[in-house]
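Observations on the three-dimensional arrangement
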Amino acid sequence: MPIRSATSRFRFNPHWLGLLPFALFTVLFLVLPTMKIVVGAFQTPEGSFTLNNIRGLNTPSILSSYWVSIQLSLVTATLGCLVGFMMAAAVILGGLPRWVRSPLMTFSGVASNFAGVPLAFAFLATLGPVGLVTLWLRQEFGINLRAMGFNLLSFWGLVIVYLFFQIPLMILIIAPAIEGLKREWREAAAILGATGAQYWRMVALPILFPSLLGTFALLFANSFGAIATAFALTGPQLNIVPIKLFAQIRGDVLGDPHLGYALAFGMIVITGIANGLYIWLRVRSERWLK
Amino acid sequence: MAFLEIEHLEKSFGTNRVVKDFNLSVAKGEFISLLGPSGCGKTTVLRMVAGFESPSTGAIRIDGKDVVKLRPNQRNIGMVFQAYALFPNLTVAQNVAFGLKVAGVGRAEREARVVEMLRLIGLPDKGPSYPFQLSGGQQQRVALARALAVRPQVLLLDEPLSALDAKIRVSLRAEIRQIQRELGITTIFVTHDQEEALSMSDRVVVMNGGVAEQVAEPFEIYNRPATRFVANFVGQLNRIEARVIAPTTGEIEIGGTRHMLGRSLPSGDVALALRPEALHMGADPARELNLTGQVTEVDFLGSVIRLRVDVAGNRLSADVFNRPDAPPPALNSTVTLSASASDLIILTA
Amino acid sequence: MTRLFAWGSVILGCVFFALPLIGMTEFSLRMRRGEYSFDAYAVVLADPRFQQTFGYSVLMALATILVGALLVVPTAFWVRLKLPAARPWVEFVTLLPLVIPAIVVVFGYIRLYNTSSFLPLTGSATGTNILLMCGYVMLALPYMYRAVDTGLRSIDVATLTEAAQSLGAGWITILAKVILPNVLTGVLSGAFLTFAIVIGEFTMAALLNRPAFGPFMQVLGANRAYEPAALAVIAFAITWACMGLIQLVTRFTKHTRAQG
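Every chain's residues receive numbers from 1 upward, in the order its sequence appears when written. Ligands are numbered from 1 and chains lettered from A, in the order in which they are written. In keeping with the model being predicted, local features are shown solely for residues with a pLDDT of at least 70 and side-chain atom pairs are shown and tallied solely at 80 or more, while totals for entire chains, interfaces and linings include all residues. Side-chain metrics in this entry use all non-hydrogen atoms of the structure; hydrogen atoms and water are not considered.

Here is the rule: UniProt positions are given in the numbering used here, feature names are shortened, and annotations may be inferred rather than shown by experiment.
As annotated in an unreviewed UniProt entry, chain C carries the name Putative spermidine/putrescine transport system permease protein and comes from Gemmobacter megaterium. UniProt annotates chain C under Sequence similarities (unreviewed entry) with the comment "Belongs to the binding-protein-dependent transport system permease family."

Going by an unreviewed UniProt entry, chain A carries the name Putative spermidine/putrescine transport system permease protein and comes from Gemmobacter megaterium. Word for word, the UniProt comment on chain A under Subcellular location (unreviewed entry) is "Cell membrane". Looking at chain A in UniProt, the text filed under Sequence similarities (unreviewed entry) is "Belongs to the binding-protein-dependent transport system permease family. CysTW subfamily."

Some remarks on the layout of surface pockets
What counts here: Using only the protein atoms, space was sampled on a 1 Å grid; points where a 1.4 Å probe fits but cannot get out form cavities, open sets with protein on both sides within 12 Å along at least five of seven lines form pockets, and lining residues are those with an atom within 4 Å of a point. Grid points are joined across faces, edges and corners, and a volume is the space filled by probe spheres set on the points. In this description a helix means any DSSP run of H or I spanning at least four residues, a strand means any run of E spanning at least two, and both kinds are numbered starting from the N terminus. Ten residue types, Ala, Val, Leu, Ile, Met, Phe, Trp, Tyr, Cys and Pro, are classed as nonpolar, four, Asp, Glu, Lys and Arg, as charged, and the remainder, Gly among them, as polar.
Size it by volume and the second largest pocket reaches roughly 1,300 Å³. Lining the second largest pocket are 34 residues, with Leu93, Arg186, Gly196 and Trp200 of chain A together with Thr2 of chain C sitting closest to its centre. When residues of the lining of the second largest pocket are traced back to their parent elements, those giving at least two are helix H4 (60-93), helix H8 (155-179), helix H9 (183-191) and helix H10 (196-224) of chain A together with helix H1 (2-28) of chain C. No other element matches H4 of chain A, which puts 6 residues into the lining of the second largest pocket. Classifying every residue of the lining of the second largest pocket by side-chain character gives 18 nonpolar, 7 polar and 9 charged.

As for the side chain of Ser57 of chain C
All names here are of chain C. For the record, the criterion: Note on exposure labels: buried denotes an accessible area under 20% of the residue type's maximum, exposed denotes more than 50%, and partly exposed covers the range between, all computed with a 1.4 Å probe on protein chains only. Contacts were defined at the residue level, with two residues in contact if any of their heavy atoms lie within 4.5 Å.
Within the element layout of this structure, Ser57 appears in helix H3 (residues 48-81). In this structure Ser57 comes out as buried when scored by relative accessible area, which is 2%. With near-sequence residues (within four places) excluded, Ser57 lies in contact with Val198, Ile199, Ala212 and Phe213.

Brief notes about the UniProt feature "transmembrane region" (unreviewed entry) in chain C
Per the UniProt record, "transmembrane region" (unreviewed entry) is found at residues 6-24, 54-77, 89-110, 117-143, 163-180, 187-208 and 228-249 of chain C. In this annotation, residues 228-249 of chain C is assigned 100% helix and 0% strand; the end-to-end C-alpha distance for the span is 31 Å.

A look at the side chain of Thr271 of chain A
Along the chain, Thr271 of chain A falls in helix H13 (residues 257-285). Given the relative accessible area of 1%, Thr271 of chain A is considered buried.

Describing the packing of aromatic side chains
Residues and elements named next belong to chain B. Under the convention used in this document: Only Phe, Tyr and Trp rings take part, Trp by its six-membered ring, and two of them pair if their centres are within 6.5 Å. Stacked means planes under 30 degrees apart, edge-to-face means over 60, and tilted covers everything else. Any Lys NZ or Arg CZ found within 6 Å of a ring centre and within 35 degrees of that ring's normal is scored as a charge over the ring.
Per the counting criterion, the structure on display carries 39 aromatic pairs over all chains. Geometry around Phe3 places Lys28 over its ring, the cationic atom sitting 4.3 Å from the centre. A cation over an aromatic ring shows up here: Arg146 above the ring of Phe87, its NZ or CZ 4.6 Å from the ring centre.

Structural notes on unusual backbone geometry
Generally, phi is negative for residues other than glycine and the peptide bonds are trans, each holding for most cases. One non-glycine residue with positive phi stands out, namely His8 of chain B, at about 45 degrees. In this structure, His8 of chain B sits in strand S1 (residues 4-13).

Describing the interface of chain A and chain B
The line we're drawing: We define buried area as the total accessible area lost by two parts upon association, computed with a 1.4 Å probe and summed across both. A pairing counts as a salt bridge when a side-chain nitrogen of Lys or Arg comes within 4 Å of a carboxyl oxygen of Asp or Glu. Pairs of N or O atoms within 3.5 Å make up the polar contacts considered here, provided that, within protein, one atom can donate a hydrogen while the other can accept it, and that residues adjacent in sequence are counted only when both atoms are side-chain atoms.
Contacts between chain A and chain B engage 21 residues on the former and 23 residues on the latter. Of the roughly 2,100 Å² buried between chain A and chain B, counting both surfaces, carbon and sulfur atoms make up 71%. Our count for the contact surface shared by chain A and chain B stands at 1 salt bridge. Linking Glu187 of chain A and Arg47 of chain B is a salt bridge whose minimum nitrogen-to-oxygen distance equals 2.6 Å. Linking chain A with chain B are 5 residue pairs in polar contact (both at pLDDT 80 or more), by the criterion used here. Breaking the side of chain A that touches chain B down by element, the ones donating at least two residues are H9 and H10 of chain A. For the side of chain A that touches chain B, the leading source of residues is H9 of chain A, giving 8 residues. Broken down by class, the residue content of the side of chain A that touches chain B amounts to 13 nonpolar, 3 polar and 5 charged.

Quick notes on the UniProt feature "transmembrane region" (unreviewed entry) in chain A
Residues and elements named next belong to chain A. Per the UniProt record, "transmembrane region" (unreviewed entry) is annotated on residues 64-93, 114-135, 155-178, 199-220 and 259-281. Structurally, residues 64-93 is divided into 100% helix and 0% strand, and its ends, taken at the C-alpha atoms, are 42 Å apart. A distance of 33 Å separates the end C-alpha atoms of residues 259-281, which is 100% helix and 0% strand.

Some points on the pattern of salt bridges
Taken as a whole and judged by the stated rule, the model has 31 salt bridges over all chains. Linking Arg141 of chain B and Glu175 of chain B is a salt bridge whose minimum nitrogen-to-oxygen distance equals 3.2 Å. Placement of Arg141 of chain B in helix H4 (residues 136-149) and of Glu175 of chain B in helix H5 (residues 166-183) is noted, with a sequence separation of 34 residues between them. The salt bridge involving Arg49 of chain C is made with Asp47 of chain C; its shortest N-O contact spans 3.2 Å. A relative accessible area of 40% means that Arg49 of chain C is categorised as partly exposed. Under the relative-accessibility criterion, Asp47 of chain C is labelled buried at 14%. Each of Arg183 and Glu187 of chain A together with Arg47 and Glu53 of chain B takes part in one network of salt bridges that share partners.

This is the structure in structure tokens:
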């Protein structure tokens, strides 16, 4: 595609005018705002070039917020991929009756969109200080979750909550890919002497690799930019980047508006790197595709 | 001593018995075809030999050893699938080497075997290609090489030619047969195409409704079908309704005309079956059966002319060779066809 | 063995997903001491702020769906018909909102469209509403575009268009009477998904300071005990209804196609 269009670019194709509304809209409401952030991250309030905003990120509080956000995204994306993959594989390949599949897919559609504020409420009502499971464990078994060090408002508490939408998202995306594995591949591998593990390692996983990778990148970005759940759960004090940025936009608690640009720019860079990595690995791993 | 033995094999899915008391013994190096319409149980038999389905009852022995309890990856069998089933993420060489790799064969030996196999299938340069870069026929040859690379005891071919173009189908047919002879590998070939079965096999098993109707060499199957189903399924067949006048001398009446066949027949009404090529143009006193009728259709196919002739209400197909000196008969003209009594197949059942 | 493992992981997963739903439902019924009641729901539903913010978000969602469909359907159609070369680029752009966090985009809005800019949208309530709606269209773009494009893939756009043109139809007629009915399933699926996303959206509405349902839920959650659980149940029911409608629409179209 790129080669052909390079030659035809010199001639004006009037059909491109049909894309004008779409182009105008995306430029106004996606490209320009993003550019504004990127440019602003390198500008002084007076408009001249500076690296001071970026340098300003180098404080323990901001760096640790990035680090927590990255860890949170990596952990929830990894666990979401693993568990979601296992559930999808179990339903599709595990010999379960067919009627299990459709409800699971519908539920995944619901749960992956049931994020944000209400999700936080649901978990507070379940694992919070007076939540259903917390009380039940204490009354029936004398297990005190809090005394055992569990706190819903902590890193691992947040991980559990995020998994509620990460796992279903993985199931939704990976299920069609798993269904695309042909029965003959498994049989051909078996008849050639391969064990189930060898089949997965040498054939199935390499075939699924691009899909797995893409979903991982998506889950990473999904968790990295999420704010509503964490905000409703813990309020503004949790130290992750989106909440810091949120507080900064609302009340300028950092004092310097251009530091906000830098903060947002850092978020773009990180999701950009995650997706760049994905595209690069995908191109490398897909030599066997047209 | 048979190399592959199948005894009293049965398979039921729920209450549906798809294979019923199937018996077959295959000699070492023999090429056997399972021929039948879809749903006749031929693929199920093959999948039980491979180990993908387990028999409800019965035994499968390879070289004297019962394999029913073994998993597919323990049976040392090669298999080629209808849809190629090459691993898309591996190159041709890696596909061929797959079975050797999982068996723990060393790299040097693997590479040597891959070279040998690719030469065997006539694709020595395709090692680094990926499956999507090959044509269907090439992919299927690679699949064959992959199956053969592990030196299996038995080769199973599950309709390997059905997905290919007609022309490649015919050429690959000969190629598979030649490679099979060269390696002397015991082979079971499943197909619904009678031409494939007849042209490639040492023996053919015609299956219907989960039962082996006849097991015989292609010549036998075609010329002396054991059952009405075999007669109808393999090749084209003309049916002539006749009434037997004298069973011992073989005198019969077809549409009011009497014929003397000179062979004994059952009494009453019989159906006489005749291959289209057993009918010859023109009256011939040397042949017992001379039938006169009206030409209703003339298909000029090149070397062969297919005629449709109405003989006393029986619509007969006759295949006659093209002769440059004699144009085919005109439509609606009256012709006489002759046939030998020994070519007649008497269907009583 | 495999099956045992399969059942095990599915059942374990179901427990994980069921517990919060049971938890929030049970909690929402606990407002009256010592017995289950619908008091929390009664309080929430009677709250004028609930009615206002919920109504606001519903209107927002409908506007988003309308504008999104008007933007996406002609574009996807045009790309399929005349600009196949542009497809990778358009698809790339429509996927960007999944990569760029919404909070970053809305931050850009606030800075770009402030009162002293070339397009001072945040200067008035109406302007801010429009800006928020455009932000929602952006958020919904990946889902909307893919749903519509999938619908277009299943029909022969070029032949249908030429057939309509040969009968004298103009572009508007073609889009409204030929293309739209054929991609209606896609549009409706995208619409319900958009509704589910917009109705509870928090970040953009909060930062643009609009009285939407998401920020209301958050404020209520910070101040009350049982009402938030009731809100969560309501929100979950809405999401479920939207997904159910998508299934219904898809199944219904399949049915009519099979008959036709």
